[in-house]
Amino acid sequence: MSGLNARLSDFSFWKIAGLSFILGLLLATTFAPLHWVIFLPLCFSGLLILLKCANNKKQAFFIGWWFGWGQFIAGLYWVGVAFTIDANAHAALIPLPVLGLPAFLAIFTGVVSLATYVTKLQKLYRIAVFTGFWVLLEYARGLVFTGFPWNLAGYSWGNNLPMLQWTAFIGVYGLTLVTVLISSLPSVLVDDNITRLRKNTVILIGCFLTICMMGVGYSRITASPLPPLSDSRIRIVQPNISQADKWRPDLKFSHIRKLTELSAQENGPKPRYLIWPETAVPFFLTTNEKLKFYLQRFVPKDGALITGAPRKNSEKRQYWNSVQVLKSNGDIPVIYDKRHLVPYGEYLPLRGFLEQSGIASLIPALDQMSDFSTPAASAPSVFTLPDLGSARVLICYEIAFPWEVKTEQPFNWILNVTNDGWFGDTSGPYQHLVVSKVRGIEQGVSVIRAANTGVSAIINAYGKILQSLPLGQLGVIDGQIPAPIPGQTLYRKIGEALPLGLAFLLLGFGITGYRLKNQ
């Protein structure tokens, strides 16, 4: 392997950057829908090997930045598809989500490689600090500018339920830590200062750890079945309405008819609760008495309709993206308003500055944008319905933030309503589904997912999809809500404290161990 180091040392920086970019592209294939986890060691070990070619801090940063740019371009390209829905207004902005957003997110990867380079550590100490920095910067990525914690390395195991079980103990950031650590171990193979015996030992330890984790995860899945909640008959409706047609004034009521016809189908046990996706009702339901009267006839007498719908303040220009519970008598006793809004999708960041500076007026899509509001801090995020227990409601990508799921009020299932129709038949909806699965495993509860164009699903507390509707298909899911696991998961009790603590522990091990050895 020493020959590889010699060959790389002859490469120009731009060749090294190009190789790093390619490795980043390959890392994107480890996420949904492909999950080619075989590339994980190649990508992370390859990045560490390329980092040895850096001659200064600037090069070290950009080796990581090019890696991140490749990863996020290939992994998040689907964000740009949303800008093609109204191409006349938004097509000119496509380079921002397709190239600009990945360029910004790649800064975090660049900082990881820079920090690793600055420590000047070698051997396993270098792998330890690289892993620690990676997890801490990924956590920061989920916080900065409202955060975007998408495509963490732990999600690469999205179709491997035994590995995903570890998120019940250490969360997705903990699984990310283990994934990066194990995937970085093959980088020792090109280290000339390590004996062949130790290299083989390190690789065997990595393989053994992976096998053990899968074995423990498998035993957890088969440990105890999860029966459904008593009398929790639900019908999830997937209308598969094109995003281009969703808000057309001449079609809005036809969307309602489609939803009600699907809800009224006689093809199985009569449901008690109907569940419709995010903004399934394209009207202001709380203030539209005629629409409420029309919908009442379709609402089960002993249950309710749970639907996404926008909500407005009748006294001033204020709107919310909501989930509302409509009873058969027309009452709406429960409302959940979305808390974590999508920048530029649901509100315009720095609106005052953009308007006063005139920048907003230069971009019609921004100048015409209306903001959704966030609810008061005291507004409930959990609602309780007869026989269904308490549900934690999460709208669209709110489910991507693991630390925001837990609330002071306990809950025994998660309701995720979403509209992934913005992104067509791309990787995005499949990645979103994996995120939903992991949130349920972390919290030890089932996830009921209603998506406009898919993928709608009933997912149990082990992340197993019991029933689903494929992307782009019209239909319904009739089923019951699986019960939560007995007790609470370790992650639900302590949250991010354990994975972040492990990250700091790896940093301490790497720095302290190296210093002690070289005193």
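Placed above this text is the structure.
Residues numbered from 1 in each chain as written. Predicted model: local features only at pLDDT ≥ 70, side-chain atom pairs only at ≥ 80, totals over all residues. Heavy atoms only, no water.

So, on to the overall build of the protein. Along the protein, the regular secondary structure elements total 19 helices and 12 strands. What you see for the protein is a C-alpha radius of gyration of 25 Å, in line with the 24 Å of a compact globule of 519 residues. For the C-alpha atoms alone, the extent of the protein along its principal axes is close to 80 × 60 × 40 Å. Classification of the 519 residues of the protein by burial places 56% in the buried group. By sequence separation, contacts in the protein at least 24 residues apart represent 71% of the contacts at least 6 residues apart. For the protein, the accessible surface area stands at approximately 22,000 Å², while carbon and sulfur atoms represent 62% of it. (Helix = DSSP H or I, 4+ residues; strand = E, 2+ residues; numbered from the N terminus. Rg over C-alpha atoms; globule rule 2.2 N^0.38 Å. Buried < 20%, exposed > 50% of the residue type's maximum accessible area, 1.4 Å probe, protein only. Contact = heavy atoms within 4.5 Å. Areas by Shrake-Rupley, 256 points an atom, 1.4 Å probe, with all protein chains shown as cover.)

Let's shift gears to the packing of aromatic side chains. Counted under the stated rule, the structure contains 29 aromatic pairs. Between Phe-21 and Trp-66 the ring centres are 6.0 Å apart and the planes differ by 80 degrees, which places this aromatic pair in the edge-to-face class. Taken as a pair, Phe-21 in helix α2 (residues 13-28) and Trp-66 in helix α4 (residues 57-76) lie far apart in primary sequence, 45 residues in all. Residue classification places Trp-66 among the partly exposed residues on the basis of a relative accessible area of 21%. Ring-pair connections join several aromatic residues into one group, and the members of that group are Phe-13, Trp-14, Phe-21, Phe-61, Phe-62, Trp-65, Trp-66 and Trp-69. The ring of Tyr-117 carries the charged tip of Lys-120 above its face, separated from the ring centre by 3.9 Å. Sitting over the face of the ring of Trp-320, Arg-311 holds its NZ or CZ atom 4.1 Å from the ring centroid. (Phe/Tyr/Trp six-rings, centres within 6.5 Å; stacked < 30°, edge-to-face > 60°. Lys NZ or Arg CZ within 6 Å of the ring centre and 35° of its normal.)

The next subject is the sheet that holds strand β7 (residues 389-395). Across the sheet, 6 strands lie side by side as β6-β7-β8-β9-β10-β11; this open sheet has mixed pairing. In this open sheet, the two edge strands, each paired with only one partner strand, are β6 (382-385) and β11 (465-469). With strand direction ignored, the average angle separating the axes of adjacent strands in the sheet is 20 degrees. As paired strands, strand β10 (residues 456-459) and β11 are joined by 4 bridges and run antiparallel to one another. Across the sheet, residue Ile-459 finds its bridge partner in β11, namely Ile-465. (Pairing = 2+ DSSP bridges. Axes fitted to C-alpha atoms, helices over the stretch in contact; angles between N-to-C directions.)

On to the environment of Leu-262. Secondary-structure assignment places Leu-262 in helix α12 (residues 252-263). The exposure class assigned to Leu-262 is buried, which follows from its relative accessible area of 7%. On a C-alpha basis, the gap between Leu-262 and Leu-474 in space is 9.0 Å, while along the polypeptide they are 212 residues apart. For Leu-262, the residues in contact, after removing those within four places along its chain, are Arg-235, Val-237, Gln-238, Pro-239, Leu-474, Gly-475 and Val-476.

The next thing to look at is the pairing of strand β12 (residues 475-482). Counting buried residues along β12, 6 of its 8 residues qualify, which places the element largely inside the surrounding structure. The pairing of strand β1 (residues 228-238) with β12 spans 7 bridges and is antiparallel. Bridge pairing links Ile-234 to Gly-479 in β12.

Here we come to the sheet that holds β12. Read across the sheet, 6 strands follow the order β5-β4-β3-β2-β1-β12 without closing on themselves; strand pairing throughout is mixed. At either end of the open sheet lies a strand with only one pairing partner, and these are β5 (334-337) and β12. The sheet shows a mean angle of 30 degrees between the axes of neighbouring strands, taken without regard to direction. Two elements, strand β3 (residues 304-312) and strand β4 (residues 319-326), share 8 bridges in a ladder whose sense is antiparallel. Bridging across to β4, Gly-308 finds its partner in Val-323. Of the strands in this sheet, β1, β2 (273-275) and β12 are in contact with α12, which crosses β1 at around 140 degrees.

Another point: the state of the cysteines. In this structure the tally under the stated criterion is 0 disulfides. Residue Cys-212 stays outside any disulfide, its sulfur separated by 11 Å from that of Cys-207, the closest cysteine. (Disulfide = S-S within 2.5 Å.)

Here the focus is the nonpolar core. Grouped together as the largest cluster of nonpolar side chains are 118 residues, with contacts concentrated most on Ile-306, Val-323, Phe-383, Leu-415 and Ile-448. Of the residues forming this core, the biggest block, 11 residues, is contributed by helix α7 (residues 123-141). Not counting residues within four places of it along the chain, the set of residues in contact with Val-323 comprises Ile-306, Thr-307, Gly-308, Val-334, Ile-335, Tyr-336, Phe-383, Val-393, Ile-395, Leu-415 and Val-417. Among the nonpolar cores identified, the runner-up in size contains 18 residues, and Leu-274, Ala-280, Val-299 and Leu-326 belong to it. (Core = buried A, V, L, I, M, F, W, Y, C linked by side-chain atoms within 4.5 Å.)

Tracing the sequence through the fold places Glu-278 in the loop between β2 and α13 (289-296). There is no salt bridge for the buried Glu-278, and the closest opposite charge comes from Lys-338, which lies 4.4 Å off by N-O distance. At 2.9 Å, the side chain of Glu-278 forms a polar contact with the backbone nitrogen of Asn-419. For Glu-278, the residues in contact, after removing those within four places along its chain, are Lys-246, Gly-308, Asn-321, Lys-338, Glu-346, Ile-395, Cys-396, Val-417, Thr-418, Asn-419 and Ala-450. (Lys, Arg positive; Asp, Glu negative; His and termini not counted. Salt bridge = Lys/Arg side-chain N within 4 Å of Asp/Glu carboxyl O. Polar contact = N/O pair within 3.5 Å; in protein donor to acceptor, adjacent residues only side chain to side chain.)

This part is about the side chain of Gln-443. Examined against the element boundaries, Gln-443 turns out to sit in helix α17 (residues 427-443). Excluding residues within four positions of it along the chain, Gln-443 makes contact with Pro-402, Val-405, Lys-406, Phe-411, Ile-414, Thr-489, Tyr-491 and Arg-492.

We now examine the environment of Asp-86. With respect to the helices and strands, Asp-86 occurs in the loop between α4 and α5 (87-90). Asp-86 sits 125 residues away from Ile-211 along the chain, and the two C-alpha atoms are 48 Å apart.

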